[in-house]
Structures are given as structure tokens and as C-alpha cells.
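Per-entry structural report
What follows is each chain in one-letter form.
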Amino acid sequence: MPMELHWLETSLASVLGLLIGSFLNVVIYRLPKMLERQWAQECAELSGTPLEAAEAFNLMVPRSRCPHCGHAIRWYENVPVFSYLALGGRCSSCKAPIGIRYPVVEIATGALFGLCAWRWGASTTAATWAVFCAALLALALIDWDTTLLPDDLTLPLLWLGLIAAAMHWIPVNLNASLWGAVAGYLSLWSIYWAFKLATGKEGMGFGDFKLFAALGAWFGWQALIPMILLASVIGAVVGIAMKFSTGLREGGYVPFGPFLAGAGFAALLLGPATLNQLIGL
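On to the overall build of the chain. Within the chain one finds 10 helices and 0 strands. Each helix (α) and strand (β) of the chain, taken in turn from the N terminus, gives the series α-α-α-α-α-α-α-α-α-α. Relative to a compact globule of 281 residues, whose C-alpha radius of gyration would be 19 Å, the chain shows 20 Å and is just as compact. Projected onto the principal axes, the alpha-carbon positions of the chain cover approximately 60 × 55 × 40 Å. The buried share of the chain, taken over its 281 residues, is 41%.

Structural data, given as C-alpha cells:
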């Protein structure tokens, strides 16, 4: 392929990634709140005390607003990265600061999409891995913010990994993908119950089982050991650092999902074989 065309594909994928990253910011913020509303409604129905009708709230409506003054964000104030820079990182109405994470998520998504296009060109494989990156990034940040790993994202990610392996969109055969999903889920499920029986406490959530199963589906069972070791080491280091910096939340816990996601990104960038070599397997 001519290098000029390769650069064009990568650039277009990066621009698409910036746009998807802007949408991911909406997903990261709104999906947990949508689930909370759903759970509250279900509890109210079970208790026989229906909730009052509330304003529609989903990924599309209402329009994004400044959380400080309620200013409805205009389309030209919502252009990925550029609007943030043009506004100086502040609301155009009340001048309250806008979180730096918004452009960071957009840039990260653009970079990941560009990487997929650079590695695999304009192909189904590149598109499949781009979807993987978007879902994994959203899951990591939702879990960091709320300690939730929504089934709305983990289960589609798991099924897409199995489908992608069956359709040969990713370099993992279906057998390795299937047993990767099974082993990923059962390994953390077993650790969860062993820890709970020994201490009476829950060491992780069920969402972690599903996320690890999804990673097993995408990378195969051979990648599970290096990914769980990498996630555990990084998680322990970050947890200790947060403890000494008094950055731990109430209860002294750190969500494990972001570190599983980090291991997934490492497997994508380096390859499972390289991860195995790094840890001596």
C-alpha cells in the first residue's frame, strides 16, 4: 500500500476516534446515572410506590449542559479538543473550569483508532479492534468513577470477541477465544468466593469476572496469566501510592476494572507473546 494512502487512512481513523471519544465522554457520565434511575424505578415498582415522572435522560437527551450554570452547550462548543482549547478550558457562560479529562478521552480514543488503522489498514480487523478500544476505555473510566462495570458494555464486548474470533476478524481462533472467556470468568469467580469464604468480605465485583472473560475472548486463554499478573501488579502499586497519598476512597478500596483494562490495552499494543516474555513465561 502506498505510504500516502496509509497515512490518509490513519488520519481519517484518528479524526473518527476524536468524534467517538466525544461520545464516550457522554457514555461515561450518563450510563451509570441511567442505570441508577432504572434501579430506582425497579425498586419503586417492587415496593408499590411508583416514582414521579422525570425528565427523559439517556445518551441522546437532554443536550449536554454545564454542570455549574446549566448553559446548554452549542454544537460549535462541542468540537472535540478544539472547542476545549478555544474556550480556554472554561464554560463560555459562567467561566467555570471544564475537566481536562474530556479532551484527554477524545485524544486517547483518536490515538487508539489511529493505531488500529496504522496496524491493520482500512479493514474489518481494524474496525473490530477500534470498537474494542472504545468499549474498554469507557469501562475503565466508568469503573474508576463509580466502581461499576455495566453489563451493557461488558457483555457485548464478550460476545463481540467470540464473534470476531469465529469470523476471523482477529488473530485468535474460536477455540482459544471460547476457552479464554470461560477461564477468564471462572478464575476470578473462584478467587472471589475463596476470598469471601475466608474473610467474609467481597474482594471484587461480578463485573470484573465478565470483563476478564471478555479479555479472554479477545486474546485467547494463553494471554490470561500475563494480563492478570500485569493488572494485579499495577493495581497494587497504584493502591499503595493512593494509600500513602490519602487518595483512597471511603472503605479503602481501589476498583480493579481499570487495571484489567490497562492489561488489555497492553496486550493489544505489545501482543500476548511479548507480555509472556516480559513476565518470563
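Looking now at the state of the cysteines. This structure, assessed with the given rule, holds 0 disulfides. Unpaired in terms of disulfides, Cys133 finds its nearest cysteine sulfur in Cys116, a separation of 4.1 Å.

Moving on, we get to the packing of aromatic side chains. The final tally for this structure, using the stated rule, is 13 aromatic pairs. Between Trp120 and Trp129, the ring centres sit 5.9 Å apart and the planes meet at 15°, which makes this aromatic pair stacked. Among the aromatic side chains, those forming a connected cluster through ring pairs are Trp120, Trp129, Phe132, Trp218 and Phe219. Against the face of Phe57 rests Arg30, its NZ or CZ located 5.4 Å from the ring centre.

What follows deals with the packing of helix 1 (residues 3-47) against helix 3 (residues 101-120). Remark: helix 1 packs on helix 3, axes separated minimally by 6 Å, with the N-to-C direction vectors making an angle of 145°. For the pair helix 1 and helix 3, the sense of crossing is right-handed. Residues of the contact of helix 1 with helix 3, tallied by class, amount to 14 nonpolar, 10 polar and 3 charged.

This paragraph deals with the nonpolar core. In globular proteins that are soluble, nonpolar side chains generally tend to be buried together. Formed by 61 residues in total, the largest nonpolar core has its most connected members in Phe132, Leu157, Phe219, Met227 and Leu260. For this core, the secondary structure elements donating two or more residues are helix 1, helix 3, helix 4 (124-146), helix 5 (151-166), helix 6 (174-199), helix 7 (206-219), helix 8 (224-244) and helix 9 (257-270). It is helix 4 that provides the largest number of residues to this core, a total of 14 residues. If we skip the residues at most four places from it in the chain, Phe132 touches Leu157, Leu215, Trp218, Phe219, Gly264 and Leu268.

The subject of this paragraph is the environment of Thr125. Among the secondary structure elements, Thr125 is positioned in helix 4. As for Thr125 and Leu139, which are separated by 14 residues in sequence, their C-alpha atoms are 21 Å apart. The contacts of Thr125, once residues within four sequence positions are left out, are Trp120 and Trp169.

Calculation notes
Residues numbered from 1 in each chain as written. Predicted model: local features only at pLDDT ≥ 70, side-chain atom pairs only at ≥ 80, totals over all residues. Heavy atoms only, no water. Helix = DSSP H or I, 4+ residues; strand = E, 2+ residues; numbered from the N terminus. Rg over C-alpha atoms; globule rule 2.2 N^0.38 Å. Buried < 20%, exposed > 50% of the residue type's maximum accessible area, 1.4 Å probe, protein only. Disulfide = S-S within 2.5 Å. Phe/Tyr/Trp six-rings, centres within 6.5 Å; stacked < 30°, edge-to-face > 60°. Lys NZ or Arg CZ within 6 Å of the ring centre and 35° of its normal. Axes fitted to C-alpha atoms, helices over the stretch in contact; angles between N-to-C directions. Left-handed = near helix turned anticlockwise from the far one by under 90°. Nonpolar A, V, L, I, M, F, W, Y, C, P; charged D, E, K, R; others polar. Core = buried A, V, L, I, M, F, W, Y, C linked by side-chain atoms within 4.5 Å. Contact = heavy atoms within 4.5 Å.

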